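# Architecture and fold: a report
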Amino acid sequence: MAKQRSRPSIIAGNWKMYKTAGEAVQFIDALNPLIQSSDKVRVLLAPPFTAIYPAAERAKGTSIVIGAQNMNDASEGAFTGEVAALMLKEAGAQFVILGHSERRRIFKEDNGMVNRKVLRALEAGLQPIVCIGETREEHEANKMEQVLKAQLVESLAGVTARPAAQLVIAYEPVWAIGTGLTATPEQAQKAHAYIRKCIEEQWSATAAQAVPIIYGGSVKPDHAKALMEQPDIDGLLVGGAALQPDSFARIVNFEQSIVTSKG
Ligand code: 13P
């Protein structure tokens, strides 16, 4: 299927709590020669906090962009163990993943908390990748649309149209994360089209066309192609398969060949 995409493709790796600073640098050295660079595909990596600075230093001059997996919603303060947006920015992070389902489930982050983080990240000049997605129970109860809309609207409250166009939305069905169960390309496309419709209703048609919506949940090189061919899937947020340079490079290069062949 020929997909005409005005939005850049994004292939992002979320390393979760894997890789030391040394391992992160080794990964970048191994990945860089394996990927073809292009301005049509953005290659993003989110290492743990301790690896952000060395990874960002090592990625300078490559097409790899480094970001964070989380941040605190305050600008600074007495919050033992927390990290603020400006600290991430100065360490070399350019984006931050917010509202990941593991943060929501394990660390009890709700939409209000995600919203405060989104506003703070935008203020600091970090691009938020805002994760939304329904649980298995919600999926089985046919509540996907209701859940996605509430998460989207509440997580992005107070974000006006222009900053909204600078966001990335990640659709990560919770039942697909780390389970080996990927949403089918049709299921994911349906969810992405719905999210785009909500963005149009909430902000504007321009914002809806500008915002990349990426898919995450058990993405592996073998089925990345079918997902990326869907018209509203602009990229992938990869967990397990982003931990090895060769499998991550296969996903990046595959996407590269799609956009290159489309000119
Ligand atoms: P897996 O690719 O390991 O399922 O993880 C997906 C994810 O949570 C990315 O943020």
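Above this note sits the structure.
The structure reproduced in this document is the subject of the present report. (Residues numbered from 1 in each chain as written. Predicted model: local features only at pLDDT ≥ 70, side-chain atom pairs only at ≥ 80, totals over all residues. Heavy atoms only, no water.)

## A word on the overall build of the protein
Heads up, the rule is: A helix here means a DSSP run of H or I that spans at least four residues, while a strand means a run of E at least two residues long, and both kinds are numbered starting from the N terminus. For this measure, only C-alpha atoms enter the radius of gyration; the expected value for a globule follows 2.2 Å times N^0.38, where N is the number of residues. Burial classes follow relative accessibility: with a 1.4 Å probe on protein chains only, a residue under 20% of its type's maximum area counts as buried, one over 50% as exposed, and anything between as partly exposed. We call two residues in contact whenever any of their non-hydrogen atoms come within 4.5 Å of each other. Accessibility throughout is a Shrake-Rupley quantity obtained with a 1.4 Å probe, and a residue counts as covered only by protein chains that appear here.
Looking only at helices and strands, one finds twelve helices and eight strands in the protein. Relative to the compact-globule value of 18 Å for 263 residues, the protein shows a C-alpha radius of gyration of 17 Å, a close match. Principal-axis analysis of the C-alpha atoms gives the protein an extent of 50 × 45 × 35 Å. A total of 263 residues make up the protein; the buried ones form 52% of that total. Taking contacts inside the protein between residues at least 6 apart in sequence as the whole, the part at least 24 apart equals 74%. For the protein, the exposed area adds up to about 11700 Å²; of that, 53% sits on carbon and sulfur atoms.

## Digging into the site of the ligand
Selection rule: Any residue with a non-hydrogen atom lying within 4 Å of a molecule or strand is treated as near it. Polar contact is the term for a pair of N or O atoms within 3.5 Å; when the atoms are in protein, one must be able to donate a hydrogen and the other to accept it, and sequence-neighboring residues count only if both atoms are side-chain atoms. A cavity here means a set of 1 Å grid points, computed over protein atoms only, where a 1.4 Å probe fits but cannot escape. A pocket is an open set with protein on both sides within 12 Å along at least 5 of 7 lines, and lining residues have an atom within 4 Å of a point. To be counted as sitting in a cavity or pocket, a molecule needs more than half of its atoms within 2 Å of that site's grid points. For this classification, the nonpolar set comprises Ala, Val, Leu, Ile, Met, Phe, Trp, Tyr, Cys and Pro, the charged set comprises Asp, Glu, Lys and Arg, and every other residue, Gly included, is treated as polar.
The immediate surroundings of the ligand are formed by 13 residues, with Lys16, His100, Glu172, Gly178 and Ser218 found nearest. Between the ligand and histidine 100 there is a distance of 2.8 Å, counted from an oxygen atom to a side-chain nitrogen or oxygen. Within the backbone of serine 218, an N or O atom sits 2.7 Å from an oxygen atom of the ligand. Protein contacts shield 95% of the accessible area of the ligand, which totals 310 Å² for the unbound molecule. Structurally, the ligand is housed in the second largest pocket. For the shell around the ligand, the residue count by class is four nonpolar, seven polar and two charged.

## Some words on the state of the cysteines
To keep it simple, the criterion reads: Cysteine sulfur atoms are paired as a disulfide whenever they come within 2.5 Å of each other.
Within this structure, the stated rule accounts for zero disulfides. As a non-bridged cysteine, cysteine 198 has cysteine 131 as the owner of its nearest cysteine sulfur, 17 Å distant. Relative accessible area serves as the criterion here: at 4%, cysteine 198 is assigned to the buried category.

## Quick look at the environment of alanine 242
By the secondary structure assignment, alanine 242 is in the loop between β8 (235-238) and α12 (245-261). By relative accessible area, alanine 242 is classed as buried at 0%. Along the backbone, alanine 242 and glycine 13 are 229 residues apart, and their C-alpha atoms lie at a distance of 5.1 Å. The residues touching alanine 242, leaving out its near neighbours within four places in the chain, are Gly13, Asn14, Trp15, Phe27 and Phe248.

## Some thoughts on the packing of aromatic side chains
Applied cut-off: Each pair of aromatic rings taken from Phe, Tyr and Trp, with Trp reduced to its six-membered ring, is defined by centres within 6.5 Å and is described as stacked if the planes are under 30 degrees apart, edge-to-face if over 60, and tilted in the remaining cases. Note on criteria: charge over ring means Lys NZ or Arg CZ within 6 Å of the ring centre, with the direction from the centre no more than 35 degrees off the ring normal.
Summed over the entire model, instances satisfying the criterion amount to two aromatic pairs. Ring geometry for tryptophan 15 versus phenylalanine 27: centroids 4.7 Å apart, planes at 75°, classification edge-to-face. Linking tryptophan 15 in the loop between β1 (9-14) and α1 (21-31) with phenylalanine 27 in helix α1, this pair joins segments that are twelve residues apart in sequence. Looking at tryptophan 15, the relative accessible area reads 1%, which means it is buried. Residue phenylalanine 27 is classed as buried on the basis of its relative accessible area of 3%. Where tyrosine 171 meets tyrosine 215, the ring centres are 6.2 Å apart and the plane angle is 55°; that geometry is what we call tilted. Within this pair, whereas tyrosine 171 is found in strand β6 (residues 168-171), its partner tyrosine 215 is found in strand β7 (residues 213-216), the two being separated by 44 residues in sequence. Across the pair, tyrosine 215 and tyrosine 171 agree in class, each one buried. Geometry around tryptophan 15 places lysine 19 over its ring, the cationic atom sitting 5.4 Å from the centre. The lysine or arginine in question, arginine 103, covers the ring of phenylalanine 107, its NZ or CZ lying 4.1 Å from the ring centre.

Don't take any of this as a statement about function, it's just geometry.
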